[in-house]
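# Tertiary structure, described
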Amino acid sequence: MTQIVWGWSERLRSNYAPMDETHKEFVTLCAALSEDQADTFLTRLDALIAHSIDHFEQENQWMLETGFPPAACHQREHDTVLEVMIEVRRRVESGEADLGQRLAEEMPLWFEHHVDTMDNMLAQFMVKEALTTVPAIAPAEL
Ligand SMILES: [Fe+2]
Ligand SMILES: [Fe+2]
């Protein structure tokens, strides 16, 4: 049986390159959760959690700097998924290994939905903001 391995694809690309770089890293760490090696699962999950803290903080900062209107909603999604990852970590450590498997299956679905909605909207907003805040060149300077 061929196992389908989830990974980066063009469908995940936004129009903001710094966001895509972070998302490629997220996808690599997230896909690694599916590796069939129980003894290293918590280490791989810790890496994803550490990345996600910085990743979400960076986007929260971008939202703050640009005045992104649905910032609270986007931030709440970050907080919720981070809480889920931390809770699953705690329970896997207590012996509920099957929950780790569930998380490995669910995270790609969550991420694709999050990119399609929140992150793409933020990327578009930031690109638009950057275009409208570029200082105009006075004709005398040309
Ligand atoms: Fe993101
Ligand atoms: Fe996000």
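Heads up: the structure comes first, above all this text.
Just so it is clear, the structure is predicted and the values come from calculations on it, not from any experiment.

With that out of the way, let us pick up the coordination of the iron ion (ligand 2). The coordination sphere of the iron ion (ligand 2) contains the protein donors Glu59 (OE), His74 (NE2), His78 (NE2), His114 (NE2) and Asp119 (OD), at a distance range of 2.0 to 2.2 Å. Mapping the donors of the iron ion (ligand 2) onto the primary sequence gives the spacing E-x14-H-x3-H-x35-H-x4-D. Taking relative accessible area as the criterion, glutamate 59 reaches 1% and is therefore assigned buried.

Next up on the list: the nonpolar core. Among soluble globular proteins, nonpolar side chains are generally buried collectively. Counting residues in hydrophobic clusters, the biggest one holds 23 residues, and the most contacted among them are Phe26, Leu33, Met85, Leu103, Met107, Trp110 and Phe111. At the level of secondary structure, the elements contributing two or more residues to this core comprise α1 (17-31), α2 (41-66), α3 (71-93) and α4 (97-133). With 7 residues, the single largest contributor to this core is α4.

Within the first shell, the iron ion (ligand 1) binds the protein through His23 (NE2), His55 (NE2), Glu59 (OE) and Asp119 (OD), at distances of 1.9 to 2.3 Å. In this structure, the iron ion (ligand 1) is coordinated by 4 donor atoms arranged in irregular fashion, with angles at the metal of 84 to 157 degrees. In primary-sequence terms, the residues that donate to the iron ion (ligand 1) follow H-x31-H-x3-E-x59-D. Residue classification places histidine 55 among the buried residues on the basis of a relative accessible area of 2%.

A few words on the pattern of salt bridges. Within this structure, the stated rule accounts for 10 salt bridges. Measuring nitrogen to oxygen at the nearest pair gives 2.7 Å for the salt bridge that ties arginine 13 to glutamate 10. With a shortest N-O distance of 3.9 Å, aspartate 20 and arginine 13 are connected by a salt bridge. According to the relative accessible area criterion, arginine 13 is partly exposed, its value standing at 38%. Residues joined in a network through salt bridges with shared partners are Glu10, Arg13 and Asp20.

In this section: the environment of aspartate 79. Tracing the sequence through the fold places aspartate 79 in helix α3. The class for aspartate 79 is partly exposed, based on a relative accessible area of 39%.

About the thresholds
Residues numbered from 1 in each chain as written. Chains lettered and ligands numbered in written order. Predicted model: local features only at pLDDT ≥ 70, side-chain atom pairs only at ≥ 80, totals over all residues. Heavy atoms only, no water. Donors = N, O, S within 2.8 Å, 3.2 Å for Na, K, Ca; no water. Buried < 20%, exposed > 50% of the residue type's maximum accessible area, 1.4 Å probe, protein only. Core = buried A, V, L, I, M, F, W, Y, C linked by side-chain atoms within 4.5 Å. Helix = DSSP H or I, 4+ residues; strand = E, 2+ residues; numbered from the N terminus. Tetrahedral: all angles 85-135°; square planar, octahedral: opposite > 155°, others 65-115°. Salt bridge = Lys/Arg side-chain N within 4 Å of Asp/Glu carboxyl O.

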